[in-house]
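Structural description and commentary
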Amino acid sequence: MDYDRVRQAQALRVKALMCRRWADTARDSEGAARLTEMASDYDGQAAVLEQDAATPCCAQQGR
């Protein structure tokens, strides 16, 4: 397991959570929509990193 990628994924999940919280307090719907979209992007990036981290090293390198 690649712990650097796990840490990066955790950081992205925190950013996504913060975006969602800010979206809840946004003053306009456009700002809330942008923050929600950013949160979804962060979650997607985190999911990819988590999947890569769970893949054995030899499979990642094509061996």
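All residue numbers refer to positions counted from 1 along the written sequence of the respective chain. Selection of residues for local features in this predicted model requires a pLDDT of at least 70, selection of side-chain atom pairs for listing and counting requires 80 or more, and totals for whole chains, interfaces and linings are taken over all residues. The basis for every side-chain value is the complete set of heavy atoms in the structure, and neither hydrogens nor water enter the calculation.

1. Digging into the pattern of salt bridges
Where charged atoms from two side chains of opposite charge approach closely, those side chains can pair. Put simply, the test is: By definition here, a salt bridge exists when the distance from a side-chain nitrogen of Lys or Arg to a carboxyl oxygen of Asp or Glu is within 4 Å. In DSSP terms, a helix is any run of H or I states spanning at least four residues, a strand is any run of E spanning at least two, and both are numbered starting from the N terminus. Burial classes: relative accessible area under 20% of the type maximum marks a residue as buried, over 50% as exposed, and values in between as partly exposed (1.4 Å probe, protein chains only).
Per the counting criterion, the structure on display carries six salt bridges. In this structure, Asp43 engages Arg20 in a salt bridge whose closest nitrogen and oxygen atoms are separated by 2.6 Å. Here the residue Asp43 occupies a position in helix H2 (residues 29–54), and Arg20 occupies one in helix H1 (residues 3–25), the gap between them amounting to 23 residues. Salt-bridge contacts for Arg34 lead to Glu30; the nearest nitrogen and oxygen are separated by 3.5 Å. Placement of the pair is Arg34 and Glu30 together in helix H2, with a separation of four residues, close to one helical turn. The exposure class assigned to Arg34 is partly exposed, which follows from its relative accessible area of 48%. Connected via shared salt-bridge partners are Arg13, Arg20, Asp43 and Glu50.

2. Some words on H1
Selection rule: The span expected for a helix works out to 1.5 Å for each residue beyond the first. Residues are treated as being in contact if the distance between any of their heavy atoms lies within 4.5 Å.
If you check H1, its first and last C-alpha atoms are 33 Å apart, about what 23 residues at 1.5 Å a residue would give, namely 33 Å. Taken as a whole, H1 has its buried residues at Ala9, Leu12, Ala16, Cys19 and Ala23. On its buried side, H1 packs onto H2.

3. A closer look at the nonpolar core
Stated formally: Remark: nonpolar core denotes a set of buried residues (Ala, Val, Leu, Ile, Met, Phe, Trp, Tyr, Cys) joined through side-chain atoms within 4.5 Å.
Among the nonpolar cores identified, the biggest contains eleven residues, and these are Ala9, Leu12, Ala16, Cys19, Ala23, Ala32, Leu35, Ala39, Tyr42, Ala46 and Leu49. Those elements giving two or more residues to this core turn out to be H1 and H2. Looking at this core element by element, the count peaks at six residues for H2. Residues contacting Ala46, with those up to four places away along its chain left out, are Ala9, Leu12 and Arg13.

4. Remarks on the environment of Arg5
Within the fold, Arg5 resides in helix H1. Classification of Arg5 by relative accessible area gives partly exposed; the value is 27%. Spatially, the C-alpha atom of Arg5 lies 9.5 Å from that of Val48, the residues being 43 residues apart in sequence.

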